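# Structural overview
Next come the chains, spelled out residue by residue.
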Amino acid sequence: MAFLPLSYHINLRRGENFVDFRVYHSSFVDDEEITKACGCPLLPLKSHIKGPAPVSEQDSTDIVDEAITFFRANVFFRNFDIQSSADKLLIYLTFYINIALKRLEGCRTLAEGTKAIINLGLENVPVPGEHGFPFPGLFAHAQSQKEAELFRNYLKQIREETSGRLLSVAYRSNGTPNKWWLAFAKRKFMNTIIP
């Protein structure tokens, strides 16, 4: 008998076995107290990187932890049923991780990977309504320039934090690539072409 990853559930229907694929959703629920920009909650991060995100406790799970943990299961899906506004951020981060892994694909050492990730971090971060923003319609357009800059700065901060944590799983402690992560660079999340 083959063992299935945790993301797959076996159901019995009319005596037949079939696999029911389920997307992992964010555990963060809509909270009125959380600041939003472009319809996206600015969730707390376990980060020392300067930005608009509130600081989370170091022993708690944040959205970046969820995105990295769920990436290898969620990347296989072409559709994603959004259950909360945090799921939108999870979709964005899953796509960003996919882009980052694509950039790391040819890097054979941690030093090369770090350089590629730093270059990715220096790229322009578009916000909804601007050319180059993935998933048009996922987030609302900014109502003002101030909201657009707040969201851009949050995305920069969360991308930088995700990049740092991704390097720790994409490369082993000896600095060599982890093939069990870099193999996912070939996947297209939600059939979206990686720039």
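Residues numbered from 1 in each chain as written. Predicted model: local features only at pLDDT ≥ 70, side-chain atom pairs only at ≥ 80, totals over all residues. Heavy atoms only, no water.

The name that an unreviewed UniProt entry assigns to the chain is Actin-related protein 2/3 complex subunit 3, with the source organism given as Sesamum alatum. UniProt, in its Subcellular location (unreviewed entry) section for the chain, records the words "Cytoplasm, Cytoskeleton". In the Function (unreviewed entry) part of its UniProt record, the chain is described as follows: "Functions as component of the Arp2/3 complex which is involved in regulation of actin polymerization and together with an activating nucleation-promoting factor (NPF) mediates the formation of branched actin networks." (UniProt positions renumbered as here; feature names shortened; annotations may be inferred.)

## What to know about the pattern of salt bridges
Tallied over the entire structure, the rule returns 8 salt bridges. Here E130 makes a salt bridge to R152, at a shortest N to O gap of 2.7 Å. Of this pair, E130 sits in the loop between α3 (110-121) and α4 (145-170) while R152 sits in helix α4, and the two are 22 residues apart along the sequence. Between E149 and R152 there is a salt bridge whose closest N-O contact spans 3.2 Å. (Salt bridge = Lys/Arg side-chain N within 4 Å of Asp/Glu carboxyl O. Helix = DSSP H or I, 4+ residues; strand = E, 2+ residues; numbered from the N terminus.)

## A short note on the confidence of the model for the chain
Counting all residues, the mean pLDDT for the chain is 82, and 82% of those residues have values of 70 or more. Model confidence for the chain, summarised as mean pLDDT per element, is weakest for strand β1 (residues 8-13) at 40 and strongest for α4 at 94. In this model, residues 1-15 is a region of pLDDT below 50 whose contacts with residues beyond four sequence positions or in other chains number 22 contacts. (pLDDT = per-residue confidence, 0-100. Contact = heavy atoms within 4.5 Å.)

## Quick look at helix α1 (residues 63-74)
Residues lying three or four places apart along an α-helix face the same way, a consequence of the helix completing one turn every 3.6 residues. Relative to the 16 Å expected for 12 residues at 1.5 Å per residue, α1 spans just 14 Å between its end C-alpha atoms, considerably shorter than the ideal helical length. Along α1, 10 of the 12 residues are buried, which leaves the element largely enclosed by surrounding structure. For α1, the set of buried residues is I63, V64, D65, E66, A67, I68, F70, F71, A73 and N74. Buried residues belonging to α1 abut α2 (85-104), α4 and α5 (179-182). (Expected span 1.5 Å × (residues − 1). Buried < 20%, exposed > 50% of the residue type's maximum accessible area, 1.4 Å probe, protein only.)

## Points about unusual backbone geometry
Positive phi values are uncommon outside glycine, yet C38 reaches one of about 60°. Tracing the backbone through its elements, the reader meets C38 in the loop between β3 (36-37) and β4 (40-41). Judged by its relative accessible area of 1%, C38 is buried. Residues other than glycine seldom take positive phi values, yet F135 does so here, at roughly 60°. With respect to the helices and strands, F135 occurs in the loop between α3 and α4.

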